[in-house]
Amino acid sequence: LKRAAQLVPAPCRWNSGLPMNIGVLFVPQQEAWVVERMGKFHRILEPGLNFLIPLLDRIRYVQSLKEIVINVPEQSAVTLDNVTLQIDGVLYLRVMDPYKASYGVEDPEYAVTQLAQTTMRSELGKLSLDRVFRERESLNASIVDAINQASDCWGIRCLRYEIKDIHVPPRVKESMQMQVEAERRKRATVLESEGTRESAINVAEGQKQAQILASEAEKAEQINKAAGEANAMLVKARAKAEAIQLLAAALAQQHGNAAASLSVAEQYVNAFSKIAKDSNTVLLPANTGDVTNMVAQALGIYTTLTKPQAVKTQDEMPPAHEDAHSPATEVLKAEQSSSS
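Quick caveat: nothing in here was measured; it's all calculated off a predicted structure. (Residues numbered from 1 in each chain as written. Predicted model: local features only at pLDDT ≥ 70, side-chain atom pairs only at ≥ 80, totals over all residues. Heavy atoms only, no water.)

### Some thoughts on the sheet that holds strand S6 (residues 67–78)
How we decide: Whether two strands pair depends on DSSP finding at least two bridges between them. Runs of H or I in DSSP of at least four residues are treated as helices and runs of E of at least two as strands, each being numbered from the N terminus. Axes here refer to lines fitted to C-alpha atoms; in helices the fit is confined to the stretch in contact. Angles between the N-to-C directions go from 0 to 180 degrees. Contacts are residue-level and defined by heavy atoms, with any inter-residue pair within 4.5 Å sufficient.
The three strands are arranged S6-S7-S8 in an open sheet whose pairing can be described as antiparallel. The open sheet has two free edges, formed respectively by S6 and strand S8 (156–167), since each of these has just one partner strand. Strand-to-strand twist across the sheet, computed as the mean angle between neighbouring axes with direction ignored, equals 20°. Pairing between S6 and strand S7 (residues 84–95): 10 bridges, direction antiparallel. Counted as the bridge partner of Val72 is Gly89 from S7. Against the sheet, helix H5 (residues 136–151) engages S7 and S8, with an angle of about 140° to S8.

### What about helix H3 (residues 108–124)?
Along an α-helix, a turn takes 3.6 residues, which lines up residues three or four apart on a common side. Rules: Take the number of residues in a helix, subtract one, and multiply by 1.5 Å to get its expected span. When accessible area is computed with a 1.4 Å probe and restricted to protein chains, residues below 20% of their type maximum are described as buried, those above 50% as exposed, and intermediate ones as partly exposed.
Given a rise of 1.5 Å per residue, 17 residues ought to cover 24 Å, and the 24 Å separating the end C-alpha atoms of H3 matches this to within 8%. For H3, the buried fraction is high: 12 of the 17 residues fall into the buried class. Those residues of H3 lying buried are Pro108, Glu109, Ala111, Val112, Thr113, Leu115, Ala116, Gln117, Thr119, Met120, Glu123 and Leu124. In this structure, the buried side of H3 is in contact with S6, S7, helix H2 (98–103), helix H4 (129–134), H5 and S8.

### With respect to the packing of aromatic side chains
Given two aromatic rings, one states the distance between the centres and the angle between the planes to describe the pair. This is how it is decided: Each Phe, Tyr or Trp ring (for Trp, its six-membered ring) is paired with any other whose centre lies within 6.5 Å, and the angle between the two planes then decides the class: stacked below 30 degrees, edge-to-face above 60, tilted in between.
If you walk through the whole model with that rule in mind, you get four aromatic pairs. Plain terms: the ring middles of Phe41 and Tyr103 are 6.0 Å apart, the flat faces sit at 80° to each other, and that makes the pair edge-to-face. Here Phe41 is found in strand S3 (residues 40–45), whereas its partner Tyr103 is found in helix H2, with 62 residues between them in sequence. A relative accessible area of 32% means that Phe41 is categorised as partly exposed. With relative accessibility at 33%, the residue Tyr103 sits in the partly exposed group. With a centroid separation of 5.5 Å and an interplanar angle of 85°, the aromatic rings of Tyr61 and Tyr103 are classed as edge-to-face. In this pair, Tyr61 is assigned in strand S5 (residues 57–64) and Tyr103 in helix H2, connecting sequence segments 42 residues apart. The exposure class assigned to Tyr61 is buried, which follows from its relative accessible area of 18%. Here a set of aromatic residues connected by ring pairs shows up, and it is made of Phe41, Tyr61, Tyr99 and Tyr103.

### Thoughts on the pairing of strand S1 (residues 24–27)
Residues in a regular strand project their side chains so that they alternate between the two faces of the sheet. Residue alternation in S1 divides its side chains into a buried set, Leu25 and Val27, and an unburied set, Val24 and Phe26. For S1 and strand S4 (residues 48–51), the ladder comprises four bridges, and the chain directions are antiparallel. Its bridge partner lying in S4, Val24 is registered against Phe51.

### Re the sheet that holds S5
Judged by pairing direction, the sheet is antiparallel, and its three strands sit side by side in the order S3-S2-S5 without closing on themselves. Strands with a single pairing partner mark the edges of an open sheet, and in this sheet they are S3 and S5. The mean angle between the axes of side-by-side strands here comes to 25°, regardless of whether they run parallel or antiparallel. As defined by bridge partners, strand S2 (residues 31–37) adjoins S3 across five bridges and the pair is classed as antiparallel.

### Examining the environment of Gln29
Residue position: Gln29 is located in the loop between S1 and S2. On the accessibility criterion, Gln29 (61% relative accessible area) is exposed. In this structure, the C-alpha to C-alpha distance between Gln29 and Glu46, residues 17 residues apart in sequence, is 8.4 Å.

### Quick look at the pattern of salt bridges
The line we're drawing: A carboxyl oxygen of Asp or Glu within 4 Å of a side-chain nitrogen of Lys or Arg is what we treat as a salt bridge.
In this structure the tally under the stated criterion is five salt bridges. Glu123 is the partner of Lys126 in a salt bridge, and the nearest nitrogen-oxygen pair spans 3.7 Å. The exposure class assigned to Lys126 is exposed, which follows from its relative accessible area of 52%. Its relative accessible area of 15% is what places Glu123 among the buried residues.

### Observations regarding the confidence of the model for the chain
Applicable threshold: pLDDT measures how confident the predictor is about each residue, on a scale from 0 to 100.
For the chain, per-residue confidence averages 78 on the pLDDT scale, and 72% of positions sit at 70 or higher. S2 holds the highest mean pLDDT among the elements of the chain, 90, whereas helix H1 (residues 2–7) holds the lowest, 40. Here residues 1–16 is modelled with pLDDT under 50, and outside its nearest four sequence neighbours on either side it reaches 24 contacts, counting other chains as well. The model gives residues 319–329 a pLDDT under 50, and that stretch makes five contacts with residues more than four places away or in other chains.

### Points about the environment of Leu129
Tracing the sequence through the fold places Leu129 in helix H4. Linking Leu129 and Asp81, residues 48 residues apart in sequence, is a C-alpha distance of 6.8 Å. Excluding residues within four positions of it along the chain, Leu129 makes contact with Thr79, Asp81, Val83, Leu85, Val172 and Met176.

Listed below in structure tokens is the structure:
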């Protein structure tokens, strides 16, 4: 039945009856009346008032100059990848030459419809299924060009052709849906992986910047600490130098040696009192209780170190008689008696 329906000619666009020649005729706008005189083409009546000779002139064809819309029936077509499609369309025509449209072809609309169907099948055979859906505009343009090349001698011009529906077999449709789902899953996976990659890159960049800032902060801290330690050492050195200067000035005064002996003795006694407090193992000299001997050794070391200064002082100053009963000797005797 479908094959038979495709072979049925398209309905002709003829009027119910041709106008009769009464001598005076009024042709409507956008219509062309083809007149024959004694069976031979005579002329084409223009819209408006026209005069004809009765019995000799006859109106043979009436052509409409308006744009005509023809529904192209559904038909089967095989694509380049051997997929059978059911496709239909809409054809837009206009009669450009009434003489050719009347005498060039028996039924111009049916001829153009069949030409559109055959051209559609041939153009679909050049494309794969995926390209059919992507290149519908180029397919429509190709069909219009093919129809215009063949219908030029018919006095008809195809303005445009539009594909209405493309019916795909059920199995092919399921495969296409599966392909679309797989493509969407692929895109989702790719987007997710790109997001993970961007996140990892951002985290790495953040860690890198944090390490750089931490190293710079540590570097600045070490620089500041070193500068502080250097300043502290300078301050301690200055303080120690001032203390040494003050001590030297004090020792240079009268009875300075006695004061130094007293200070050494006090330090020795304090150090001896702390023995065995920090540790159980202590190394002591044989003459630990001989305070006088230890003080004498310390004063001997001090005298040895200060001997050049003393020589210089003796050269500058006159010699003085030492007192047998000096204050230093008295201080040492008092400390020895107290320790015993």
